Amino acid sequence: MKFKYYLPVNLIFGRGEAESIGSIAAQYGKSALVVTGRSSTKKSGLLDRVLENLEGNGLKAVVFDKVRQNPLTTTAEEGALLAREKNCDVIIGLGGGSVLDCAKGIAFLCVNHGDINDYIFNRAAGKSALPLVAVPTTCGTGSEGNGFAVLTNPKTGDKKSLRSNTIIPKASIIDSRLMETMPKSVLASVGFDALCHSMEAYLSRLAQPMTDMMCVEAMQMIGKHLVSLCRGEESAGAWDAMAWASTIGGMVINTAGVTLPHGMEHPASGCKDIVHGRGLAALTPVITEASIDAAPDRYAVISKALGGKDERDCASQLRKLLEEIGLSTSLGEQGITREDIPWMTKNCFTVSAAGIANHPRKFTEEEIAQLYEKAYSLFVI
């Protein structure tokens, strides 16, 4: 047996740990660009508390609040321009996965100039990045635990990861109290994304003993707690479990990568800006049904983590989970049209080729188009 595992992530985990943001950020700089979304951290009062905490620890702070879902390469460029103008020397990502990914892109572009798409498509290599402190407010992307930043090019619709060890956060503060204000619809979407990260890393051709161990733990925690949290049956322990499962999901895909569900979803959300977790909800059961024979033992483990018996009921367990958290959907319901399928199929084989390569079963281009068709029409009347 041979494998390698390298991931220098400084995780600061615990309820109330967000109060240490100022003292932690002060270790890396004196002027912070706080990257956040347009509304949620403001409505909850979190942004004001963080700014006060930073000031109390001697840091100046500038707010960049233009990040939306499926963050754009152009938004990262705009944030980096502001950070350079204000002489910021540390970046703080405060929000969900879109915010953290955009913050990573900003930290990277503050040091590496030129077109970020050249770095995303490996036409150029980055040397370093500004230090980043990540503070997730959702339990889904796991961006606090890896060196990925998923960004969409608005000119082409290409949605792909900037991958670099330089953007691994210097510190990630995972405080599950910050996640309790999420609407249940958001919790369902990000929670299913977290499940898919660990499922896909577990199924990946790049899986190895370290990631396998972490994947199973994360899937079991999500299987135990996601439905009850979405129903409002909340407890500190359940929130901690979901937060930790999300972080694990980010860590395992850093090493083992994602497979076909993410490979097919990224073209969909790049095409129509759909909610990432909902795109995964439409695609994952369909892909699972078509893939079980390629890895029956592993699909059996996934099924059991979700309360099933073996690989034969894995897809039905996924559908049951989606129904219980109110996330049953189709690509058609999310705004995808049949006319989009040829473009998404082609994009899947070019921009998202790694997801296809990592998947346990190999699919032809025609078969990918058929999977898109089935996910499009499954719930459309």
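Everything numeric in this text was worked out from a predicted model, so none of it was measured.

A.B. asks: Any details on the pairing of strand 5 (residues 132-136)? Residues and values, ideally.
C.D. replies: Counted residue by residue, strand 5 has five buried out of five residues, so it is predominantly covered. Bridge analysis of strand 4 (residues 90-95) against strand 5 gives five bridges, and the strand direction is parallel. Bridging from a neighbouring strand, Ile91 pairs with Leu132 of strand 5. Sheet analysis places strand 5 next to strand 8 (residues 171-174), joined by two bridges and oriented parallel. The residue of strand 8 that forms the bridge with Val133 is Ala171.

A.B. asks: An account of the packing of helix 10 (residues 260-272) against helix 16 (residues 365-377) is needed here, citing residue identities and associated values.
C.D. replies: Running from N to C, helix 10 and helix 16 point in directions that differ by 75 degrees, and their axes come no closer than 12 Å. When the interaxial angle is binned, helix 10 and helix 16 end up roughly perpendicular. Together, Leu260, Gly263, Met264 and Pro267 of helix 10 and Ile368, Leu371 and Tyr372 of helix 16 make up the contact between the two elements. For the contact of helix 10 with helix 16, the residue count by class is six nonpolar, one polar and no charged.

A.B. asks: Just give me the short version of the nonpolar core, but keep the residues and values in it.
C.D. replies: A general feature of soluble globular proteins is that nonpolar side chains tend to end up buried together. Residues Leu187, Phe192, Leu195, Ile302 and Ile325 are the most contacted members of the largest nonpolar core, which totals 55 residues. For this core, the secondary structure elements donating two or more residues are helix 7 (184-203), helix 8 (209-230), helix 9 (236-256), helix 11 (276-291), helix 12 (296-305) and helix 13 (314-324). Leu195 has contacts with Met219, Ile222, Leu306, Leu318 and Leu321, leaving out every residue within four places of it along the chain. Core analysis: the second largest hydrophobic core is formed by 29 residues, Val35, Leu82, Cys88 and Ala103 among them.

A.B. asks: Go over a nonpolar patch on the surface, please, and point to the residues and values.
C.D. replies: A contiguous nonpolar patch, built from Met1, Phe3, Met210 and Met213 and spanning about 480 Å² of accessible area, is present on the exposed surface. Under the relative-accessibility criterion, Met210 is labelled partly exposed at 30%.

A.B. asks: I'd love a proper account of unusual backbone geometry, names of residues and values included.
C.D. replies: Trans is the prevailing form of peptide bonds, just as negative phi is the prevailing case for residues other than glycine. In this structure, Asn70 is a non-glycine residue whose phi angle is positive, near 50 degrees. Tracing the chain through its elements places Asn70 in the loop between strand 3 (60-67) and helix 4 (73-85). Within the chain, Asp273 stands out as a residue other than glycine whose phi angle is a positive 55 degrees. Taking the relative accessible area as the measure of exposure, Asp273 reaches 41% and is therefore partly exposed.

A.B. asks: So what's going on with the environment of Tyr5? Which residues, and what values?
C.D. replies: Within the secondary structure, Tyr5 is located in the segment before strand 1 (11-13). By relative accessible area, Tyr5 is classed as partly exposed at 27%. Once the C-alpha coordinates of Tyr5 and Asn254 are considered, the two residues, 249 residues apart in sequence, prove to be 9.7 Å apart. Setting aside its immediate chain neighbours within four residues, Tyr5 contacts Gln208, Met210, Thr211, Met214, Met251 and Thr255.

A.B. asks: Can you lay out the sheet that holds strand 8 for me, pointing to particular residues and giving the numbers?
C.D. replies: The strands that make up a sheet are held in pairs by hydrogen bonds between backbone atoms, and each pair lies either parallel or antiparallel. Ordered in space as 1-8-5-4-2-3, the six strands form an open sheet in which the pairing is parallel. Among the strands making up the open sheet, the edge pair consists of strand 1 and strand 3. On average, each strand axis in the sheet is inclined to that of its neighbour by 20 degrees, with strand direction left out of account. With six bridges joining them, strand 2 (residues 31-37) and strand 3 adopt parallel strand pairing. Residue Gly37 lies in a different strand from strand 3, and its bridge partner there is Val67. Relative to strand 4, helix 5 (residues 97-109) is tilted by about 165 degrees, and along the sheet it contacts strand 2, strand 3, strand 4 and strand 5.

The rules behind each value
Going along each chain's sequence as written, the residues are numbered from 1 onward. At least 70 in pLDDT is required for a residue's local features to be given in this predicted model, at least 80 for side-chain atom pairs to be given and counted, and no such filter applies to totals for whole chains, interfaces and linings, which use all residues. Side-chain numbers come from the whole structure's heavy atoms, not from hydrogens or water. Think of it in three bands: residues with accessible area under 20% of the maximum for their type are buried, residues over 50% are exposed, and the middle band is partly exposed, with areas taken using a 1.4 Å probe on protein chains only. The helix and strand labels rest on DSSP assignments: H or I over at least four residues marks a helix, E over at least two residues marks a strand, and numbering proceeds from the N terminus. Only strands that DSSP links by at least two bridges are regarded as paired with each other. To get an axis, fit a line to the C-alpha atoms, keeping to the stretch in contact for a helix; angles then go from 0 to 180 degrees between the N-to-C directions. Here the word oblique covers every angle except those under 35 degrees (roughly parallel), over 145 (roughly antiparallel) and from 65 to 115 (roughly perpendicular). Throughout, a residue-residue contact means that at least one pair of heavy atoms, one from each residue, lies within 4.5 Å. Polarity classes work like this: nonpolar for Ala, Val, Leu, Ile, Met, Phe, Trp, Tyr, Cys and Pro, charged for Asp, Glu, Lys and Arg, and polar for all others, with Gly in that last group. To qualify as a nonpolar core, a set must consist of buried Ala, Val, Leu, Ile, Met, Phe, Trp, Tyr and Cys residues joined through side-chain atoms within 4.5 Å. Residues form patches when they are more than 30% accessible in relative terms and have no salt bridge. Like charges link within 9 Å. Nonpolar side chains (Val, Leu, Ile, Met, Phe, Trp, Tyr) link within 5 Å. Only the protein chains shown count as covering a residue, and every accessible area follows the Shrake-Rupley method with a 1.4 Å probe. Here, a salt bridge means any side-chain nitrogen of Lys or Arg that lies within 4 Å of a carboxyl oxygen of Asp or Glu.

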